[in-house]
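# Results of the structural survey
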Amino acid sequence: SKLPYNVERDFTPISMVALQTLFIVSSLKAPGKDFNDVMRYAKANPGKVSFGTSGFVNQMVGERVKVAMGIDLLHVPFKGSPPMFQALLTSEIDLSITTFTPYASAVKEGRLRGLAVTGDARAPLAPDTPTLAELGHKDLTYRQWFALYAPRGVPKPVMDRLLKETSR
């Protein structure tokens, strides 16, 4: 409960190193061919549409979708992506909010459906999948960022080198 450091005081930001959007995919038996179809079905059938996640952030995005759209989706937590991927392929769950690998390949192969991308632009791994904003849900756009920090007091030449290396 008591950390031995203060993040704001004891660390110095170096650089953002990555932005990640999430992928909303469905099984082939999900009720609807696209994101809005599935959401309409979910609104008319509370608790009948399930969504799987294998991480807290992905679950929170799902909860945000539920609140924003006024729907009741059944959350199914998984201990990792592999069992969730299998559950989608076998239609044990209807949809998932996840990363692109290996889901984008399964969409290209026709084994899953790409419903939406949470970022503000289409993803190179799923160019045929629209963004939530394109589908009329700009308020649900989501990207997570990753950054590199160093302990406060790192010498300027070291900080400059770290910044240079992360800018490549």
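The structure contained in this document is the topic of the report that follows. Within any chain, residue numbers begin from 1 and follow the written order of that chain's sequence. pLDDT decides what is reported in this predicted model: residues at 70 or higher carry local features, side-chain atom pairs at 80 or more are listed and counted, and totals for whole chains, interfaces and linings draw on all residues regardless. With hydrogens and water excluded, all non-hydrogen atoms of the structure serve as input to the side-chain values.

## What about the packing of aromatic side chains?
Cut-off, in case you're wondering: Stacked, tilted and edge-to-face pairs are distinguished by plane angle, under 30 degrees for stacked and over 60 for edge-to-face with tilted covering the rest, among Phe, Tyr and Trp rings (Trp via its six-membered ring) whose centres lie within 6.5 Å. Note on exposure labels: buried denotes an accessible area under 20% of the residue type's maximum, exposed denotes more than 50%, and partly exposed covers the range between, all computed with a 1.4 Å probe on protein chains only. Numbered from the N terminus, helices here are DSSP runs of H or I no shorter than four residues, and strands are runs of E no shorter than two.
A full pass over the atoms with the stated rule returns three aromatic pairs. With a centroid separation of 5.5 Å and 85° between ring planes, the pair formed by Y5 and F11 is classed as edge-to-face. Exposure remark for F11: the relative accessible area of 29% places this residue in the partly exposed category. Taking 4.6 Å as the distance between ring centres and 20° as the angle between the ring planes, the aromatic pair formed by F23 and F100 counts as stacked. Here the residue F23 occupies a position in strand 2 (residues 23-26), and F100 occupies one in the loop between strand 5 (95-98) and helix 5 (103-108), the gap between them amounting to 77 residues. With a relative accessible area of 10%, F100 lands in the buried category.

## Considerations on helix 3 (residues 56-69)
Put simply, the test is: In a helix, the anticipated span is given by 1.5 Å times the number of residues less one. Directions are taken from the helix axis to each C-beta atom, and the arc is the one they span. Whether two residues are in contact is decided by their heavy atoms: any pair within 4.5 Å suffices.
Between its first and last C-alpha atoms helix 3 spans 20 Å; for 14 residues at 1.5 Å apiece the expected length is 20 Å, and the two agree. Within helix 3, burial applies to N58, V61, G62, V65, K66 and M69. Within helix 3, the buried residues cover an arc of 145° as seen down the axis, which keeps them to one side. Of the exposed residues in helix 3, those oriented more than 90 degrees away from the buried face are F56 and V67. The secondary structure elements touched by the buried residues of helix 3 are helix 2 (35-44), strand 3 (50-53) and strand 5. Immediately downstream of helix 3, the backbone of G70 shows phi near 65°, a positive value.

## A few points about the pattern of salt bridges
Note the cut-off: We count a salt bridge whenever a side-chain nitrogen from Lys or Arg sits within 4 Å of a carboxyl oxygen from Asp or Glu.
If you walk through the whole model with that rule in mind, you get seven salt bridges. Where E109 meets R111, a salt bridge forms, and the shortest distance between an N and an O atom there is 2.8 Å. When its relative accessible area of 52% is taken as the criterion, E109 is described as exposed. As a salt-bridge pair, R161 and E165 come within 3.2 Å of each other at their nearest N and O atoms. Taken together, the residues span about one helical turn, with R161 and E165 both in helix 6 (residues 156-166) at a distance of four residues. For R161, a relative accessible area of 54% gives the class exposed. A relative accessible area of 34% places E165 in the partly exposed class.

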